[in-house]
Amino acid sequence: MCTHFCAHFWEQLSADRANAARRTLVAGGMREDKMGRVVGFADTVPFDKDNPDSAVNRRISIIVLNKKADEEIHDEKPAAPAPPPAGAMVPPLPGVSSKPGVTDLPAR
């Protein structure tokens, strides 16, 4: 069974692997301010859950955003609300009747 030291070792190794990839990208010309974050997941997100020592679990993930996605993530305006699921009851707008051709607006 893995001790606290052992768990810390794997977490540190994973973080070191992620930071090595970051340094390589920067050395290759990528601007540091273009990286959102660098994270080592250690054993928390294995591809092969049944075999945690599998080489496939020793990996890094690099997510590349295009300009539009980057702007959407960093845009300070609140996101538009998601549409209601199909078949959901949507409350009527004020002044709109559920009967076709009828409004509930007060008379002037």
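Presented here is a report on the structure given in the accompanying data block. (Residues numbered from 1 in each chain as written. Predicted model: local features only at pLDDT ≥ 70, side-chain atom pairs only at ≥ 80, totals over all residues. Heavy atoms only, no water.)

On to the layout of surface pockets, then. One number sums up the size of the largest pocket: a volume of about 1400 Å³. Together, 40 residues line the largest pocket, and Val38, Val39, Phe41, Ser61 and Ile62 are the ones closest to its centre. Put simply, the parts of the chain that give the lining of the largest pocket at least two residues each are helix 1 (4-27) and helix 2 (67-74). The dominant element in the lining of the largest pocket, judged by the number of residues it contributes, is helix 1, at nine residues. Residue composition of the lining of the largest pocket, by class: 22 nonpolar, seven polar and 11 charged. (1 Å grid on protein atoms, 1.4 Å probe; cavity = no way out; pocket = protein on both sides within 12 Å on 5 of 7 lines; lining within 4 Å. Points joined across faces, edges and corners; volume = space filled by probe spheres on them. Helix = DSSP H or I, 4+ residues; strand = E, 2+ residues; numbered from the N terminus. Nonpolar A, V, L, I, M, F, W, Y, C, P; charged D, E, K, R; others polar.)

What follows covers a nonpolar patch on the surface. Among the surface-exposed residues, Leu25, Met30, Ile60, Ile62 and Val64 lie close enough to one another that they form a single nonpolar patch of about 450 Å² accessible area. By the element assignment, Met30 lies in the loop between helix 1 and helix 2. (Patch = residues over 30% accessible without salt bridge, like charges linked within 9 Å, V, L, I, M, F, W, Y side chains within 5 Å. Areas by Shrake-Rupley, 256 points an atom, 1.4 Å probe, with all protein chains shown as cover. Salt bridge = Lys/Arg side-chain N within 4 Å of Asp/Glu carboxyl O.)

What follows covers the environment of Ala42. For Ala42, the position within the fold is in the loop between helix 1 and helix 2. Residues Ala42 and Glu11, 31 residues apart in the sequence, show an inter-C-alpha distance of 4.8 Å.

Attention now moves to the pattern of salt bridges. Scanning all chains against the criterion turns up three salt bridges. Asp33 serves as the salt-bridge partner of Arg31, at 2.8 Å between the closest nitrogen and oxygen. With relative accessibility at 49%, the residue Arg31 sits in the partly exposed group. (Buried < 20%, exposed > 50% of the residue type's maximum accessible area, 1.4 Å probe, protein only.)

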